[in-house]
Amino acid sequence: GQHRTGKVRCCTQFLPPPCLWQDLTADEVEYVRSDIDEMLAAFEEGDATVLIAKTHSSLYPLVGGKESFKQLTIDALAQLKATGIKFLSSELKSPTALYTAGEEEMCFVPRISVMEIEGTKMQSVGFMIAIRKIDSGSWSYLDGTGLRNNQRLLWQLFPALERNISLPPNYISQIQE
């Protein structure tokens, strides 16, 4: 394994980062999954607080700042409730390896959810992006659904992210009964 001690770090910070993708430890996987479960539950219940607290700040500039983001989240959840959407199931898969993006690192957590809108069942296959500052324990998140029509947005948000990564599947389809 690769040790992450401060000592080694100061001598190697001038070298290009090795492309040794690291996997999360079992504890980290558990932590990230329970965080995301909490966010998904909040999303389904229309509770904006948890979502706002755990969303990565890279999104703020795209929507006009943190306050705008808060308001947008609250409005979006209210609209979602009004559609009468029912969330039937959600399943998280194992996170990918960690990728480096400048001072941050991230992994992708694939998820499959099934919902029903006006009697039509839809399956959403997507992922959450878990992000943290390197050497910090605290994670924040972005929903990968926003990348469905524009994958390049990921590199707009994280210009230092390596380019040769493959993202998990990301699509929505109707379930034929």
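Each residue is numbered by its place in its chain's sequence as written, counting from 1. Whole-chain, interface and lining totals are the exception, using all residues; otherwise, since this is a predicted model, local features are given only for residues with pLDDT of at least 70 and side-chain atom pairs are given and counted only at 80 or more. Water and hydrogen atoms were dropped before computing side-chain values, which therefore reflect all heavy atoms in the structure.

Undergrad: Explain the nonpolar core here, please?
TA: Generally speaking, soluble globular proteins have nonpolar side chains that are buried together. In this structure, Leu-24, Val-32, Ile-36, Cys-107, Trp-139 and Tyr-141 are the most contacted members of the largest nonpolar core, which totals 22 residues. Each helix is a run of DSSP H or I of at least 4 residues and each strand a run of E of at least 2, with the numbering of both proceeding from the N terminus. When contributions to this core are tallied by element, the ones reaching two or more residues are α2 (26-45), α3 (48-54), α4 (66-82), β3 (104-117) and β4 (120-133). Of all the elements, α2 adds the most residues to this core, at six residues. Side-chain atoms within 4.5 Å are what join buried Ala, Val, Leu, Ile, Met, Phe, Trp, Tyr and Cys residues into a set we call a nonpolar core. The cut-offs for exposure are 20% and 50% of the maximum accessible area for each residue type, with area from a 1.4 Å probe on protein chains only; residues under the lower value are buried, those over the upper are exposed, and the others partly exposed. Phe-108, Ile-131, Leu-142 and Ile-165 belong to the second largest nonpolar core, which has 17 residues in total.

Undergrad: Sorry, what's going on with unusual backbone geometry here?
TA: Glycine aside, negative phi is the norm for most residues, and most peptide bonds take the trans geometry. Positive phi, normally seen in glycine, also occurs at Glu-118, with a value near 45°. Take Glu-118: it is sitting in the loop between β3 and β4. For Asp-135, which is not glycine, the phi torsion reads 70° and is therefore positive. Within the secondary structure, Asp-135 sits in the loop between β4 and β5 (140-143). Judged by its relative accessible area of 45%, Asp-135 falls in the partly exposed class.

Undergrad: Teacher, can you tell me more about the confidence of the model for the chain here?
TA: Low pLDDT marks stretches whose predicted atomic positions should not be read closely. Per-residue confidence from the predictor is reported as pLDDT, a score between 0 and 100. Of all residues in the chain, 88% have pLDDT values of 70 or greater, and the mean over the chain is 87. Ranking the helices and strands of the chain by mean pLDDT puts β4 first, with 96, and helix α1 (residues 6-12) last, with 44.

Undergrad: Could you clarify how one ought to interpret α2 in this entry?
TA: Note that an α-helix has 3.6 residues per turn; residues three or four places apart therefore point the same way. Helix length check: α2, at 20 residues, gives a terminal C-alpha distance of 28 Å against a target of 28 Å (1.5 Å per residue), a fit within 8%. We call two residues in contact when some of their heavy atoms are within 4.5 Å. On its buried face, α2 is in contact with α3, β1 (86-92), β3, β4 and β5. Directly beyond the C-terminal end of α2, a positive phi value near 75° is found at Gly-46. What a helix is expected to span follows from its residue count: subtract one and scale by 1.5 Å.

Undergrad: Hey, could you run me through the pattern of salt bridges in this one?
TA: Pairing between side chains of opposite charge can happen when their charged atoms approach one another. Note on definitions: salt bridges are taken to be side-chain nitrogens of Lys or Arg within 4 Å of carboxyl oxygens of Asp or Glu. Scanning the model with the defined rule gives seven salt bridges in all. In this structure, the salt-bridge partner of Glu-67 is Lys-70, at a minimum N-O distance of 3.7 Å. With Glu-67 and Lys-70 both in helix α4 and three residues apart, this pair spans about one turn of that helix. Overall, Glu-67 belongs to the exposed group, its relative accessible area being 55%.

Undergrad: For this particular structure, what's the right way to read the packing of aromatic side chains?
TA: What characterises a pair of aromatic rings is the spacing of the ring centres plus the angle enclosed by the ring planes. Within 6.5 Å between ring centres, the rings of Phe, Tyr and Trp (the latter by its six-membered ring) count as paired, and their orientation is classed by plane angle as stacked under 30 degrees, edge-to-face over 60, tilted in between. Throughout the structure, instances matching the rule amount to four aromatic pairs. Look at Tyr-60 and Phe-69: their rings are 5.5 Å apart centre to centre, the planes differ by 45°, and that puts the pair in the tilted class. The pair formed by Tyr-60 and Phe-69 is uniform in burial state, with each residue classed as buried. Taking 5.5 Å as the distance between ring centres and 90° as the angle between the ring planes, the aromatic pair formed by Phe-108 and Phe-127 counts as edge-to-face. Here Phe-127 lies in strand β4 and Phe-108 lies in strand β3, a separation of 19 residues in the sequence.

Undergrad: Looking at this structure, how should I read the pairing of β3?
TA: Within a regular strand, side chains alternate between the sheet's two faces. Most of β3 sits inside the fold, with twelve of its 14 residues counted as buried. Strands are treated as partners if at least two bridges between them are detected by DSSP. Judged from the six bridges that link them, β1 and β3 form a sheet pairing that is antiparallel. Across the sheet, residue Lys-86 finds its bridge partner in β3, namely Glu-116. Across three bridges, strand β2 (residues 99-101) lies against β3 in antiparallel orientation. Residue pairing in the sheet places Ala-101 in a bridge with Glu-104 of β3. The turn linking β2 back onto β3 is made up of two residues, and Gly-102 within it adopts a positive phi angle of 65°. Here β3 runs beside β4; their pairing, made up of 14 bridges, is antiparallel. Across the sheet, residue Cys-107 finds its bridge partner in β4, namely Ala-130.

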